[in-house]
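Below, each chain spelled out in residue letters.
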Amino acid sequence: MTSAVADAHVEVKQDLKGNPGPILLLGAPGVGKGTQAKELAAKWGIPQISTGDLLRYNRDHGTPLGLKAKEIMAAGKLVPDDLVNQMVAERLKQPDTAQGYILDGYPRTLGQAAWLDQHIGAEAGVLPVIAVSIQVGYNELLRRITGRRICPVCGTIYNIYLQPPKVDEKCDLDGTPLVRRSDDTEEVFKERMRTYESQTAPVVEHYRALGRFEEVDGSQPVSAVAAGVEGAVERLRNSEQKQQNRVQG
Ligand code: AMP
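All residue numbers refer to position in the chain's written sequence, counted from 1. Reporting of local features is limited, given that this is a predicted model, to residues whose pLDDT is at least 70; pairs of side-chain atoms are given and counted only at 80 or more, and all residues count toward the totals for whole chains, interfaces and linings. Computation of side-chain values: all heavy atoms of the structure, hydrogens and water removed.

**Concerning helix α4 (residues 64-74)**
1) Next: Throughout this description, buried means an accessible area under 20% of the type-specific maximum (1.4 Å probe, protein chains only), exposed means over 50%, and partly exposed covers the range between. For the purposes of this entry, the term helix denotes a DSSP run of H or I that reaches at least four residues, the term strand denotes a run of E that reaches at least two, and both are numbered from the N terminus. For α4, every residue scored as buried is listed here: L65, G66, A69 and M73. Seen end-on, α4 carries its buried residues on one side only, within an arc spanning 80°. Facing away from the buried side of α4 by over 90 degrees, the exposed positions are P64, L67, K68 and E71.
2) Next: Contacts between residues were defined by any pair of non-hydrogen atoms, one from each residue, lying within 4.5 Å. Considering only its buried residues, α4 is in contact with α3 (51-60) and α5 (81-92). Regarding the arc, it is the one traced by the directions from the helix axis to the C-beta atoms.

**Here we look at the pattern of salt bridges**
1) Next: Salt bridges, as used here, are contacts in which a Lys or Arg side-chain nitrogen is within 4 Å of a carboxyl oxygen on Asp or Glu. Under the criterion given, the structure shown has 18 salt bridges.
2) Next: Two residues, E230 and K43, come together in a salt bridge whose shortest N-O distance is 3.1 Å. Of this pair, E230 sits in helix α9 (residues 222-247) while K43 sits in helix α2 (residues 33-44), and the two are 187 residues apart along the sequence.
3) Next: A residue is classified by how much of its surface remains accessible, and E230, at 10% relative accessible area, is buried.
4) Next: Between R144 and E140 there is a salt bridge; the shortest N-O distance is 3.2 Å. Of this pair, R144 and E140 both sit in helix α7 (residues 138-147), four residues apart, which is roughly one turn of that helix.
5) Next: On the basis of relative accessible area, E140 is assigned to the partly exposed category, the value being 24%.
6) Next: One salt-bridge network, in which partners are shared between bridges, spans R148, R181, D183, D184 and R192.

**Digging into the pairing of strand β1 (residues 21-26)**
1) Next: Buried residues dominate β1, accounting for six of its six residues.
2) Next: Two strands pair under a simple rule: DSSP has to find at least two bridges between them. Bridge count between β1 and strand β3 (residues 100-104): five bridges; the pairing is parallel. Following the sheet pairing, G21 is matched in β3 by G100.
3) Next: Bridge count for β1 against strand β4 (residues 130-135) is four bridges, and the pairing is parallel. In the strand pairing of β4, L26 is matched with S133.

Everything listed here is a matter of geometry and, on its own, says nothing about what the molecule does.
Encoded structure:
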């Protein structure tokens, strides 16, 4: 690595830590958005905002939103845009989002993307959205989804095929019996994939066309995918910074 490249790398890393701005993690169910978002959010000191987690919280606490979303989620379909947009709007008002956030599982329709583009664009001084899409093949996704197990106490995610716990179906950290998400069955996965292809794949194309977009191969080990996403975010912020410097002369 030449010193100029090394310097640029260090400079961008410092920028990201202070103010990474809004980042979208896109990809089909099971590509590892949640795992990557958690890791990078912790590293950059910004929140991970997962619409799936927010909806599950509402469902499990029986809120009016949760009651409306419950059946839709169980069937692997999408909760209506206006409900999800409103939920995201509320979350983005929290002060912890000021320096940036990672949106995980949102936007999932062109309607949500249009709302987000308008909502974020409207706020002065906020960095533009950048999007990273994680790609994994269908059969691998099926294995990941049907093998996924979660500790209901600490939230650690396992996979009985790929990252099994030391003791069968028990959390390594606290020994709690692991649970399976109710929509992680093969039948619901197939419906979620149909929903993804028809409604969410166009969102990926929307951000590809806007620029400030990169794709990462999600079939690699978790740490390699994390490095790929991190590199993509750095490059995207870096090129945007250069563009701004050119505009400012
Ligand atoms: P996830 O944890 O991201 O796989 O989301 C679980 C389920 O929550 C999805 O299958 C949808 O039913 C619902 N959901 C999550 N995010 C959204 C969204 N952005 N728009 C509509 N429905 C969503």
